[in-house]
Amino acid sequence: MNRDHSHALYGRALSVLPGGVNSPVRATQPYPSFIDHGDGSHVVDVDGNRYIDYVLGYGPILLGHSPPPKVRDAIADRVEDGIMFGAPVEAEIELAEFVVEHVPSVEMLRFVNSGTEATTAAVRLARGYTGRERILIIGGGYHGGNDAFLVDGTPEKAGRPGSPGVPSGAAKDTLVVPFNDAEAAARAFEAHGDEIAAILVEPVLGNSGCIDPVPGYLDALRQLADDYGALLVFDEVMTGFRIGGLGCAQGVFGVRPDLTTFAKVIGGGFPVGAVGGPTEILERFTPAGDVFHASTYAGHPVGMVAGVETLRYAKEHGVYGRLAELGDRLRAGLADIVADHAPQYTVVGRDSMFKIIFSRASTEPPGETCGAGCRHDPDCTRVESCPKNASHVGEAEGDRWERLFWGDMLDQGVMLTANQHESQFLSAAHTDEDIEVTLEAYKHAMSRIPTGV
Ligand SMILES: *Cc1c(COP(=O)(O)O)cnc(C)c1O
């Protein structure tokens with residue numbers, strides 16, 4: 001595969017952009033493919049190589065890279081009629097009404113410009129509402145680049161900054177517990193319960209290989225929040241309008257959060273985020289209330305139009321049902337391949353999210369896999385050893401994934417996310433044929449994995 005133009009562009013980029021990119025995960029080894037254009041389920045790089053794309057902007061691109069004409073025209077019309085004003089437009093109400101209609105926990109929203117801004121605003125709102133300062137987050141979850149979330153979660157260093165530049169004052173109020181460990185969360189509340197403003201959790205841990213909650217885990221967090229008067233915040237930046245369709249992941253697991261953060265799909269590919277919840281809490285935001293939030297670009301007209309037109313299209317065309325079927329077929333195919341070539345590996349994901357985690361062989365015989373994605377089924381023979389939190393994913397064969405497997409897939413024209421922590425996504429543009437080609441590519445790449453590792 002010739003990638004000379006990408007090579008040259010990365011050389012130029014390294015002179016003017018730190019690491020040659022504007023977000024670190026894009027700096028894939030040995031150098032990234034620069035994209036020329038998208039085409040439905042595919043991207044084409046500047047050397048003309050075509051890839052089936054499962055990165056999809058790291059989640060936002062629900063409908064594929066060729067927007068349906070109705071969506072594209074609505075965006076174009078918005079641009080032609082003026083891009084932004086600093087005065088409200090109707091599309092802000094339309095997107096808010098759409099979310100309120102479909103997500104029962106949400107009565108009102110405040111729009112922002114990214115997932116990071118959404119979680120940042122949600123934490124300020126929770127702190128303002130409860131009058132408390134600490135927050136509880138999940139190790140290996142990701143809530144964006146705000147100082148308060150960049151906290152070391154290892155037990156020895158808990159509560160210390162996770163990056164140079166994060167002041168200790170910003171980190172000291174953040175408690176970190178592992179995913180799927182309700183007892184650890186309960187212990188944190190026993191120690192600090194009357195100081196905790198909010199629990200932030202991704203209902204499916206999408207930033208550590210796409211791990212399902214074990215049965216009852218989200219209910220236990222709901223109960224702790226209720227018992228101690230903290231707010232339960234579901235960070236649905238990734239899962240929102242991907243898992244569980246229009247009702248989001250909270251609908252699948254039947255747990256009602258106090259606040260929900262959205263971004264990614266909700267902006268139809270444009271930088272949009274949102275905090276949603278009950279009127280009583282949301283009206284604490286300025287100017288209705290006293291918790292400061294403002295932004296020049298919040299509720300940006302182009303993003304609002306892209307978001308609402310994308311979601312309406314998904315609803316009107318049965319996109320979520322089809323994506324779930326496609327996802328099940330893909331995951332079932334992956335489970336067969338894993339059973340043949342590396343039975344210790346774990347297929348994870350649900351609906352339009354998927355991944356293979358290169359779990360190491362445990363002392364147990366590998367036994368069966370959950371056919372279309374690990375659900376921590378108590379009757380499964382591997383339930384004790386399947387990955388349940390970020391450390392388990394961290395202990396897996398990350399180097400093999402990143403340095404061998406990922407490149408083998410790329411060489412076969414399949415673009416996956418760059419490491420085994422990042423979820424992969426399907427779009428409405430992916431076809432049955434894409435799935436077949438992808439499974440063949442996985443089969444070949446997996447056949448190069450040494451057996452019995
Ligand atoms: C991507 C992501 C964020 C951060 O969103 P940005 O738009 O990159 O700031 C926050 N939370 C979750 C769960 C995410 O997946």
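Just above, that's the structure.
Figured I'd write up the structure that's included with this text. (Residues numbered from 1 in each chain as written. Predicted model: local features only at pLDDT ≥ 70, side-chain atom pairs only at ≥ 80, totals over all residues. Heavy atoms only, no water.)

Let's shift gears to the packing of helix H2 (residues 69-80) against helix H10 (residues 301-316). One can describe the packing of H2 onto H10 by two numbers: an axis separation of 9 Å at closest approach and a directional angle of 165 degrees. With respect to their mutual orientation, H2 and H10 come out roughly antiparallel. H10 is crossed by H2, and the crossing has right-handed handedness. Residues Lys70, Val71, Ala74, Ile75, Arg78 and Val79 of H2 lie in contact with H10, whose contacting residues are Pro301, Val302, Val305, Ala306, Glu309, Thr310 and Tyr313. (Axes fitted to C-alpha atoms, helices over the stretch in contact; angles between N-to-C directions. Helix = DSSP H or I, 4+ residues; strand = E, 2+ residues; numbered from the N terminus. Parallel < 35°, antiparallel > 145°, perpendicular 65-115°, else oblique. Left-handed = near helix turned anticlockwise from the far one by under 90°. Contact = heavy atoms within 4.5 Å.)

Right, let's talk about the site of the ligand for a bit. As a matter of local geometry, the ligand sits amid Ser114, Gly115, Thr116, Tyr142, His143, Gly144, Glu202, Asn207, Asp235, Val237, Met238 and Lys264. Take Thr116: an N or O atom from its side chain is 2.5 Å from an oxygen atom of the ligand. Within the side chain of Lys264, a nitrogen or oxygen atom sits 2.7 Å from an oxygen atom of the ligand. Protein contacts shield 83% of the accessible area of the ligand, which totals 380 Å² for the unbound molecule. By residue class, the composition of the shell around the ligand is 3 nonpolar, 6 polar and 3 charged. (Near = heavy atom within 4 Å. Polar contact = N/O pair within 3.5 Å; in protein donor to acceptor, adjacent residues only side chain to side chain. Areas by Shrake-Rupley, 256 points an atom, 1.4 Å probe, with all protein chains shown as cover. Nonpolar A, V, L, I, M, F, W, Y, C, P; charged D, E, K, R; others polar.)

We now examine helix H7 (residues 217-228). The end-to-end C-alpha distance of H7, which contains 12 residues, comes to 17 Å, matching closely the 16 Å that a straight helix rising 1.5 Å per residue would cover. Among the residues of H7, those classed as buried are Tyr217, Leu218, Leu221, Arg222, Leu224 and Ala225. Seen end-on, H7 carries its buried residues on one side only, within an arc spanning 160 degrees. Backbone geometry just after H7 places Gly229 at a positive phi near 70 degrees. (Expected span 1.5 Å × (residues − 1). Buried < 20%, exposed > 50% of the residue type's maximum accessible area, 1.4 Å probe, protein only. Arc of directions from axis to C-beta.)

To continue, consider the side chain of Thr260. Turning to its location among the elements, Thr260 is positioned in strand E9 (residues 259-262). When residues no more than four places from it in sequence are discounted, the contact partners of Thr260 are Ser105, Val106, Phe234, Glu236, Gln250, Ala274, Val275 and Gly276.

The next point concerns the pairing of strand E6 (residues 174-177). Side-chain alternation along E6 places Thr174 and Val176 on one buried face and Leu175 and Val177 on a second face that is also buried. Pairing between strand E5 (residues 134-138) and E6: 4 bridges, direction parallel. Its bridge partner being in E6, Leu136 is matched across the sheet by Leu175. (Pairing = 2+ DSSP bridges.)

Turning our attention to the packing of aromatic side chains. Using the criterion set out here, one finds 9 aromatic pairs in the structure. On the basis of an interplanar angle of 90 degrees and a centroid distance of 5.3 Å, the ring pair of Tyr54 and Phe354 is categorised as edge-to-face. Of this pair, Tyr54 sits in the loop between strand E3 (50-53) and H2 while Phe354 sits in strand E12 (residues 353-357), and the two are 300 residues apart along the sequence. You can call Tyr54 buried: its relative accessible area is 0%. Classification of Phe354 as buried rests on a relative accessible area of 1%. Each residue in the set Tyr345, Phe358, Trp401, Phe405 and Tyr442 is aromatic and connected to the rest through ring pairs, giving one cluster. Over the ring of Tyr31 we find Arg3, and its NZ or CZ is 4.3 Å from the ring centre. (Phe/Tyr/Trp six-rings, centres within 6.5 Å; stacked < 30°, edge-to-face > 60°. Lys NZ or Arg CZ within 6 Å of the ring centre and 35° of its normal.)

With that out of the way, let us pick up the nonpolar core. Grouped together as the largest cluster of nonpolar side chains are 68 residues, with contacts concentrated most on Phe241, Phe262 and Ile266. Excluding its chain neighbours within four sequence positions, the residues that come into contact with Phe241 are Leu62, Val99, Val103, Leu246, Cys248, Phe262, Val265, Ile266, Leu311 and Tyr320. The next biggest cluster of nonpolar side chains, apart from the first, holds 39 residues, and it includes Phe179, Val214, Leu221 and Cys374. (Core = buried A, V, L, I, M, F, W, Y, C linked by side-chain atoms within 4.5 Å.)

What follows is about unusual backbone geometry. The amide bond that connects Gln29 to the next residue, Pro30, takes the cis arrangement and shows omega of -10 degrees. Inspection of the secondary structure puts Pro30 in the loop between helix H1 (4-16) and strand E1 (35-39). The linkage connecting Thr286 with the following residue, Pro287, adopts the cis geometry, with an omega of 5 degrees. The phi torsion at Asn180 lies on the positive side, around 65 degrees, for a residue other than glycine.

Relative to the helices and strands, Asp235 resides in strand E8 (residues 231-235). One buried charged side chain, Asp235, makes no salt bridge at all; its nearest oppositely charged neighbour is Lys264, positioned 7.4 Å away. Reaching out from Asp235, the side chain makes a polar contact with the side chain of His143 at a distance of 2.7 Å. Among the polar contacts listed, one links the side chain of Asp235 to the backbone nitrogen of Val237, at a separation of 3.0 Å. (Lys, Arg positive; Asp, Glu negative; His and termini not counted. Salt bridge = Lys/Arg side-chain N within 4 Å of Asp/Glu carboxyl O.)

Attention shifts here to the sheet that holds strand E14 (residues 424-425). Reading across from one edge, E11-E12-E14 is the order of the 3 strands in this open sheet, with antiparallel pairing throughout. The sheet is open, and its two borders are formed by strand E11 (346-348) and E14, each paired with just one other strand. Of the strand pairs in this sheet, E11 and E12 are connected by 3 bridges, and their pairing is antiparallel. Each residue of the ladder has a partner; that of Thr346, found in E12, is Ile357. Strands in contact with helix H11 (residues 319-341) are E11 and E12; relative to E12, the strand with the most contacts, it is inclined by about 10 degrees.

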